[in-house]
Amino acid sequence: MTAIAPPDIHDAETLGAARALLDAAADPEAMQQEVLKAVQRNETWRGNECVNLLAPEALVSPTVRRLLSAEIGQRAAEGHIGPVNRWFAGTKHIDEVEALCVELLKRLFKSNYAEHRLVASMIGNMAVYAALTQPGDTVMTIPQPVGGHSSNRYDGPAGIRGLNIVDVPFDAHELEVDLDAFAKRAREARPKLVALGASMTLFPLPVREIKDIVSEWDGIVFFDGAHQLGLIAGGQFQDPLREGADIITGSAGKTFSGPQSGVAVWNDPQLTRPLLDAVFPALAATHQVNRVAALAAAAAELLAFGPAYMANIVKNAQALAHALHTRGVPVLGAHKGYTRTHQVIGDVREFGGGLEVAHRLAKANIITNKNLLPDDTPQDWDRPSGLRIGTTEVTRLGMGELEMQAIADMIAGVLVEGRDPEHVKAEALELRTGFQTVKYCFSSNTRSSL
Ligand SMILES: *Cc1c(COP(=O)(O)O)cnc(C)c1O
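Computed from a prediction, not measured in an experiment: that's the story for all the values here. (Residues numbered from 1 in each chain as written. Predicted model: local features only at pLDDT ≥ 70, side-chain atom pairs only at ≥ 80, totals over all residues. Heavy atoms only, no water.)

1. Thoughts on the UniProt feature "domain: Serine hydroxymethyltransferase-like" (unreviewed entry) in the protein chain
What UniProt calls "domain: Serine hydroxymethyltransferase-like" (unreviewed entry) maps, in this numbering, to residues 32–411. What you have in residues 32–411 is 43% helix and 14% strand, and the ends, taken at the C-alpha atoms, are 37 Å apart. (UniProt positions renumbered as here; feature names shortened; annotations may be inferred. Helix = DSSP H or I, 4+ residues; strand = E, 2+ residues; numbered from the N terminus.)

2. Some thoughts on the pairing of strand β7 (residues 193–197)
Counted residue by residue, β7 has 5 buried out of 5 residues, so it is predominantly covered. A two-sided burial pattern is seen for β7, the buried positions comprising Leu193, Ala195 and Gly197 on one face and Val194 and Leu196 on the other. As paired elements, strand β3 (residues 138–141) and β7 share 3 bridges and run parallel to each other. Each bridged residue has a counterpart across the sheet, and for Thr141 the counterpart in β7 is Ala195. Across 5 bridges, the pairing between β7 and strand β8 (residues 220–224) is parallel. Pairing of Gly197 across the sheet is with Asp224, part of β8. The β-α-β motif built from β7, the intervening helix α8 (residues 207–214) and the parallel element β8 has right-handed crossover chirality. (Buried < 20%, exposed > 50% of the residue type's maximum accessible area, 1.4 Å probe, protein only. Pairing = 2+ DSSP bridges. Right-handed = clockwise from strand over helix to strand, strands pointing away.)

3. A short note on the packing of helix α7 (residues 179–189) against α8
Their axes nearest at 10 Å, the elements α7 and α8 cross at an angle of 25°. Of the possible angle classes, the one that applies to α7 and α8 is roughly parallel. Crossing handedness for the pair α7 and α8: right-handed. Contacts between α7 and α8 involve Leu179, Phe182, Ala183, Ala186 and Arg187 from the first element and Glu209, Ile210, Ile213 and Val214 from the second. Residues of the contact of α7 with α8, tallied by class, amount to 7 nonpolar, no polar and 2 charged. (Axes fitted to C-alpha atoms, helices over the stretch in contact; angles between N-to-C directions. Parallel < 35°, antiparallel > 145°, perpendicular 65-115°, else oblique. Left-handed = near helix turned anticlockwise from the far one by under 90°. Contact = heavy atoms within 4.5 Å. Nonpolar A, V, L, I, M, F, W, Y, C, P; charged D, E, K, R; others polar.)

4. Regarding the side chain of Ser151
Assignment of secondary structure puts Ser151 in the loop between β3 and α6 (157–160). On the accessibility criterion, Ser151 (1% relative accessible area) is buried. Looking at Ser151, its side chain comes within polar contact range of the side chain of Asn125, at 2.9 Å. (Polar contact = N/O pair within 3.5 Å; in protein donor to acceptor, adjacent residues only side chain to side chain.)

Structural data, given as structure tokens:
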């Protein structure tokens, strides 16, 4: 054994603290207790005491949460639904659950096909690239500083697939695709596929216009709706499948408010074989049937509550954005109503930048994340200028416009007035304490057993 451990990409101090806890534990049972205690510390703080404004998070309903620890989660069921398709016997009820999930997703998205086995939306994107492109193909995707996501860039699945990536031109002021520039660049590059995927997402994307252009060479439009999946399901954003997108992937744990994982939906039967072959046996074998059950339950909730829930998420985002802007925190998109999604993007460079501000707000029990802004450069990656705020969780807890004002008061208090985050924390705690019940779910959800 070497005395000095090789460097780890994880934070050395945090790993060291974990080693110290394990070293101090009397036996493996005590080590397990350390795990349970850390989970409990998070539950107390993030689960009960924080105003959680992380855009990629959502609260799940009590039923969805219970299903995540259901008996069925210990069962193995690789392959496609049906007695002959599976390798394992004993899956008849698992088939029922998975079939219910697929059919619920198809209803929700009004699609001909749905994929339910994606343990992450990232895996869904990998499946799309594996199924619909060949190494060396050219694709066009949105670059990170204007909102793009690694899954469609060189450092993610598109890069792993060996694709040649051309940027989708973006108008940094309008926060929209620059369609004229797109038409010109696309006609030169003739991409096999255009990925419209953004983790900073404020306004709809021109799916129809882009489909019209790439149809000149039978190009594919892939809508990576990781963040907007719930908004799409609730009919409160654009409707990419109806606008010409060939396939949508999305995260089940972002606005969709289900278990963290992925979903894909499409209509063209010709895509089905290559996509399902990419999912199994290439990218998923056992795929967490408890998660599939939870996904099905979340889909049923969105069928019932999606329109109202998602409309209120967007209303709250607009109210919070306006309230922040008028209190001296610059918010992107002010000239066009700030946002049409769950997201609010603050420009916080005058307050110390996104990293510093997000950590300062966390001391006040207000949870957000640092974010690149369109004019940030690669050197700004770790310390970008922006702050991303999402209203999914606070909306599901039943907060409305009044509470958005209160949240804006707290954020502006810390940033603009220089208030001590420790003092603001008491206010955040008080606000959170008044909202403890998950809304937009069936009343039977309050029963304690399945
Ligand atoms: C979050 C995100 C993903 C990845 O989703 P996971 O479910 O976390 O794997 C993919 N694409 C975009 C645009 C995202 O914002």
